[in-house]
Amino acid sequence: SQQGEEDPQALSIQEGENATMNCSYKTSINNLQWYRQNSGRGLVHLILIRSNEREKHSGRLRVTLDTSKKSSSLLITASRAADTASYFCATDAGTGRRALTFGSGTRLQVQP
Amino acid sequence: DGGITQSPKYLFRKEGQNVTLSCEQNLNHDAMYWYRQDPGQGLRLIYYSQIVNDFQKGDIAEGYSVSREKKESFPLTVTSAQKNPTAFYLCASSGDRVPFTEAFFGQGTRLTVV
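Here is a short report on the structure shown in this document. Computed from a predicted model, the values in this text were never measured in an experiment.

Basis of the calculations
Residues numbered from 1 in each chain as written. Chains lettered and ligands numbered in written order. Predicted model: local features only at pLDDT ≥ 70, side-chain atom pairs only at ≥ 80, totals over all residues. Heavy atoms only, no water. Pairing = 2+ DSSP bridges. Helix = DSSP H or I, 4+ residues; strand = E, 2+ residues; numbered from the N terminus. Axes fitted to C-alpha atoms, helices over the stretch in contact; angles between N-to-C directions. Buried < 20%, exposed > 50% of the residue type's maximum accessible area, 1.4 Å probe, protein only. Contact = heavy atoms within 4.5 Å. Salt bridge = Lys/Arg side-chain N within 4 Å of Asp/Glu carboxyl O.

A few points about the sheet that holds strand 7 (residues 64-66) of chain B
Residues and elements named next belong to chain B. Spatially, 1-3-8-7 is the arrangement adopted by the four strands of the open sheet, whose pairing is antiparallel. Among the strands making up the open sheet, the edge pair consists of strand 1 (4-7) and strand 7. Each neighbouring strand pair of the sheet contributes to a mean axis angle of 20 degrees, computed without reference to strand direction. Examined bridge by bridge, strand 7 and strand 8 (residues 76-78) share three bridges and lie antiparallel to one another. For Val 66, the partnering residue across the bridge sits in strand 8 and is Leu 76.

Shown next, in the form of structure tokens:
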């Protein structure tokens, strides 16, 4: 089952602009995480937001979580060419399967 | 350096062959996972293990097998029963079981059927 669906599938912006990616999920969760993947590489953890939190910041990253709408957003401010990558949300449903379930990802291209 | 290592980076399989992908971690993590990623897609869970000598099927376990004889190692065998094995395979580990805080990923193995 693909728990998360991300929107948009692809995003192209200029350096210095902000990038916003959205994630929707289907079941109740313990927490939601965002990961980054450079082309052909493994994933790197960016930030985690717990189900009882609404917003979290880490450097240029801002994550929001709306459990009533089962959705989250990742905002990258003042983007850089080095931010070019795919970004995935992942959920820990907390019951049953003890593994993260990943969304389909957003491919971000930051033009220098 | 602590981390999770996958080998080989590239693997070619002939039709009808079984192949084994290696995943080793020195993070002292209890939990390990195998995911499959197809081009332009998200990650799909193949198998996971919360503890040595125990593992569970994920969403797409058919045609795959695993073992967890040591805490550090979680090899994945792609059997001849897997009809479309060409994909990028990612191994991950986590020090937490309930709830998860962060998963650490290897650099992946790209498997191609020739």
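A look at the pairing of strand 3 (residues 19-25) of chain B
All names here are of chain B. Residues Val 19, Leu 21, Cys 23 and Gln 25 point to one face of strand 3 and are all buried, whereas Thr 20, Ser 22 and Glu 24, pointing to the other face, are not buried. Here strand 1 runs beside strand 3; their pairing, made up of four bridges, is antiparallel. If you follow Ile 4 over to strand 3, its bridge partner there is Gln 25. Judged from the three bridges that link them, strand 3 and strand 8 form a sheet pairing that is antiparallel. Following the sheet pairing, Thr 20 is matched in strand 8 by Thr 77.

A short note on the environment of B:Tyr47
Here B:Tyr47 shows up in strand 5 (residues 43-51). In contact with B:Tyr47, not counting residues within four places along its chain, are B:Tyr33, B:Trp34, B:Phe55, B:Gln56, B:Lys57, B:Gly58, B:Ala61, B:Tyr64, B:Ser65, B:Val66 and B:Phe74.

Notes on the pattern of salt bridges
Counting across every chain of the model gives five salt bridges over all chains. Across the salt bridge formed by A:Glu55 and A:Arg62, the nearest N and O atoms sit 3.2 Å from each other. B:Asp30 is paired through a salt bridge with B:Lys71; the nearest N and O atoms lie 3.5 Å apart. Residue B:Asp30 is located in the loop between strand 3 and strand 4 (31-37), and its partner B:Lys71 is located in the loop between strand 7 and strand 8; the two are separated by 41 residues in the primary sequence. B:Asp30 gets classed as partly exposed once you look at its relative accessible area, which sits at 23%. One salt-bridge network, held together by shared partners, links B:Arg36, B:Asp38 and B:Arg44.

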